[in-house]
Amino acid sequence: MLTRVTNQTITRNAQYNLQTGLTALAKLQNQASSQKAISVPSDDPAGTSKSLQIRGEQAATAQYGRNISDGTAWLNTVDSTLSAVSSIMGRIRDLTVQGANDGAMSPTSKDAIATELTNLKGELLKQANTSYLGRNIFAGNTNAGVAFNADYTFNGLAGDSVQRRIDANTTVRVDADGAAVFGTNPGVPPSTDPGTTPGSVFTLIDNIVDDLHNGVNIGARLTEIDARKQAISAQQSIIGTTEAQMDRAQQTNASQTVSLESQRSSVEDLDVAKVILDLQTQQTTYQTSLGVTAKVLQPTLMDFLR
Amino acid sequence: MSSFGTLNTAYTGLVAARRGLDVVGQNIANANTDGYTRQRVTTSASVTAPSSLSMSQTFTVGQGVSVDGVARLGSSLLDARVRLATGTSGYWDVRASTMSSLEGTLQEPGPNGLSSTLQKFWSAWQDLGNNAAVPATGAALLAQAGGLVSQIANGYHQVDDQWSTLRSDTDVKVAQLNDAGARVANLNAKIRTTLAAGGSANELIDQRNTITTSISKLVGGTVRELPDGTNEILIGGNPLVSGDNFHSVALVGTYHMDAVGSDPVQLEWTSRPGSPVALDGGEIGGAISMLAAADGSGTGGPIAEAAASYNAFAANLATQVNGIYSTGANAAGTTGVNFFSLNGALPAALGLTVIPTTSADLATATVGAGAYNGDVAGAISQLGASKTSPDSVWASIVAGIGTTSQTAQQQSTLAGLSTKAAVDNQLSNAGVDLDEENVNLLSFQRAYQGAARVMTAVDQMLDTLINHTGTVGL
């Protein structure tokens, strides 16, 4: 008797089929309009876990991108400052060569050179105290107002540096070592021996000025100036290398961002073509079942008994 | 047989046809009544007992038709199958709908979930690492940390609300169960009386079946038919209803999720407090399984497990962040302080608070380094990228809840399908078919006309005999 069909079972089945069709339609419509394959974790628990992980990596990559921009800005500031310092040092060397011509220089000319040297020292000190966003670029993480005080003492700490994280495992130094560039020992001029504690470049200039005033030949100071210029070039090449590293990191970061976004999309987002096709099919199915139901439920024996 | 005997035979035919029409009318009237089972008049031909007194050898004819009763064309097997399927379906429906709203509170995956707040929290640490001792970045971190803490607490509250809502819903369901049980006992008493008096209890049995099915939906259970027409409903092996006796049950246990470990929610017989009823399904069974305490291995009640996950997550976050943060020094040089504090008197998810209140309090620098050093903050920001990060703890919590919910929804769909199949079978057997009833209507109508014609024929015969005998030629 289980195959007995009654009006009630037909009605129920029709209702059930309509309801199922409508539910499927609603789900597909929701998917098509939200474009999300996973709207709640139970849609795909494994995919959800993966999506959370990818979103975490995306956030970290975005943060590394900001770190790289910030670091690049630091490096640009340091680079241009070092260029300025380098050209000032060049001018100082020229003046020293000029002032070393004892026979050709009158005391007045020497005084003029001394005055210019003193001005250049002030300029150099200003460059040494260059800051980026309120922080000294030559003094690590110190919160002192300047990197070099008026008495040429250095405010930075040994081994302290400003680091930026450019990916999960790498940090790079984005400031320059003020001690290596300008020398930290105020009493001693820069030595030609790189092994000793670097003497201050400012003291060196003071010494040259004193020599000029005292009539001492300043030709001997050229070695010290060259040693200092070498130290500055060394720092410039370090900064240049780091900038190149930053550029590479920037590119890696950009391609990483694209790759992560496509991964996220492949986990979370829908295949639009498939959903639209499914939606069309489901709409047709639903309309068919509506039409069929309307036809099937009408006639009974009542319609034919007169 | 006397001449009047045939009149009586025709009369029984009229009566039987009219009863048949009555029943067809009842069937058609109840074509759409929920739980109605179609009925049929059962008739049999009356036989004449051979008379030993009669010496004549004339053969005897039956004496018409007798109406034996009105049969209820239900099948107790199909009814039992419906009850079983409904019980299972009720169990999984409750679990699926509760899990579905529970996972809805997670807001994952998406920009509003805890994972997203956590990522912003790590980014704020990194920004602070880059610009340590800048008040604005410190304030931004503190705001993110405050947001994270309140989102964890909020998530815990939502889980707690789910639990409380389900707990009070279950109270209502137990009240429905007691009400339904009392009504079945009442109907059993009426059915027994009606049957004992020889009446038809079909409609009462239909009513009882409907209520019994609703009891199965609530608690599962098994039903036995008793010889006197009453039934017995057993839950966990003990009778809820037996004939006209009804034993009430009560839902006992705490109304607070935090206390469920020591005071579990369970169904008990009112007459025997302290011993829980073992439920094998039904909505109440599903709800009680959802309301169970967490057991530490992740297999306890899913709601309490979700709450425990929030606590474990909060504790893990505090431990990991504090572990690195306490190595740092703040602007004043103070070291060894924590970032998060956990109030032991509260669940970890609610007891989690941020200790520093201003950016100057933040210990972001490596001890001995410059004041603008942010290495400690940078190291904390890298917690998010580690293998054992709070993020991965959270992801596994979300995946766990998602899996439980997915299982419950699949089971619920399957149970729904098997319930539909069972109800289809039941209705295809017991439902009223209007075409069939129309055909029966016609045949009973014709039978009535036929019986009336027999009666007219006998009447005319008797008229001839009584009024026209001896009036030949007049």
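From a predicted model like this one, the values you see are computed outputs, not experimental measurements.

Caption draft 1: Focus on the overall build of chain A. Summing up its helical and strand segments, chain A has 7 helices and 4 strands in all. Rg of the C-alpha trace for chain A: 39 Å, well past the compact-globule value of 19 Å for 306 residues, more than 25% over. Counting only C-alpha atoms, chain A reaches 140 × 30 × 25 Å along its principal axes. When burial is assessed residue by residue, chain A has 42% of its 306 residues classed as buried. Long-range contacts, defined as pairs at least 24 residues apart, comprise 68% of the intrachain contacts of chain A with a sequence gap of at least 6. Of note, chain A has its 24 positive side-chain charges centred 15 Å away from the centre of its 29 negative side-chain charges.

Caption draft 2: Quick peek at the pairing of strand 7 (residues 249-252) of chain B. Residue and element names in this part refer to chain B. Side chains of strand 7 alternate between two faces, with V249 and L251 buried and A250 and V252 left unburied. In this structure, strand 7 lies alongside strand 8 (residues 266-269), joined through 4 bridges in antiparallel fashion. Directly across from V252, in strand 8, lies its bridge partner Q266.

Caption draft 3: Expanded view of the layout of surface pockets. For the largest pocket, the calculated volume is near 790 Å³. Surrounding the largest pocket, 34 residues form its lining, G56, E57 and A60 of chain A together with G384 and A385 of chain B being those nearest its centre. Elements represented by at least two residues in the lining of the largest pocket include exactly helix 2 (45-99), strand 3 (163-167) and helix 6 (221-268) of chain A together with helix 3 (114-130) and helix 10 (390-430) of chain B. Tallying contributions element by element places helix 2 of chain A first for the lining of the largest pocket, with 10 residues. Among the residues forming the lining of the largest pocket, the class breakdown is 11 nonpolar, 19 polar and 4 charged.

Caption draft 4: Region of interest: the pairing of strand 4 (residues 231-235) of chain B. Residues and elements named next belong to chain B. Of all 5 residues in strand 4, 5 are buried, a share of seventy percent or more. Neither face of strand 4 is exposed, since N231, I233 and I235 on one face and E232 and L234 on the opposite face are all buried. Between the antiparallel neighbours strand 3 (residues 222-225) and strand 4 lie 5 residues, among them G229 with a positive phi of about 90°. Here strand 4 pairs with strand 5 (residues 238-242) via 4 bridges, running antiparallel. Pairing of I233 across the sheet is with V241, part of strand 5. Connecting the antiparallel pair strand 4 and strand 5 is a turn made up of 2 residues, with G236 showing a positive phi of about 55°.

Caption draft 5: View of the sheet that holds strand 9 (residues 272-276) of chain B. Residue and element names in this part refer to chain B. With respect to topology, 3 strands assemble into an open sheet ordered 7-8-9, the strand pairing being antiparallel. At either end of the open sheet lies a strand with only one pairing partner, and these are strand 7 and strand 9. With direction set aside, neighbouring strand axes in the sheet form an average angle of 40°. Where strand 8 meets strand 9, 2 bridges bridge the pair, whose relative direction is antiparallel. Its bridge partner being in strand 9, W269 is matched across the sheet by R272.

Rules of the game
- Residues numbered from 1 in each chain as written.
- Chains lettered and ligands numbered in written order.
- Predicted model: local features only at pLDDT ≥ 70, side-chain atom pairs only at ≥ 80, totals over all residues.
- Heavy atoms only, no water.
- Helix = DSSP H or I, 4+ residues; strand = E, 2+ residues; numbered from the N terminus.
- Rg over C-alpha atoms; globule rule 2.2 N^0.38 Å.
- Buried < 20%, exposed > 50% of the residue type's maximum accessible area, 1.4 Å probe, protein only.
- Contact = heavy atoms within 4.5 Å.
- Lys, Arg positive; Asp, Glu negative; His and termini not counted.
- Charge placed at Lys NZ, Arg CZ, Asp CG, Glu CD.
- Pairing = 2+ DSSP bridges.
- 1 Å grid on protein atoms, 1.4 Å probe; cavity = no way out; pocket = protein on both sides within 12 Å on 5 of 7 lines; lining within 4 Å.
- Points joined across faces, edges and corners; volume = space filled by probe spheres on them.
- Nonpolar A, V, L, I, M, F, W, Y, C, P; charged D, E, K, R; others polar.
- Axes fitted to C-alpha atoms, helices over the stretch in contact; angles between N-to-C directions.

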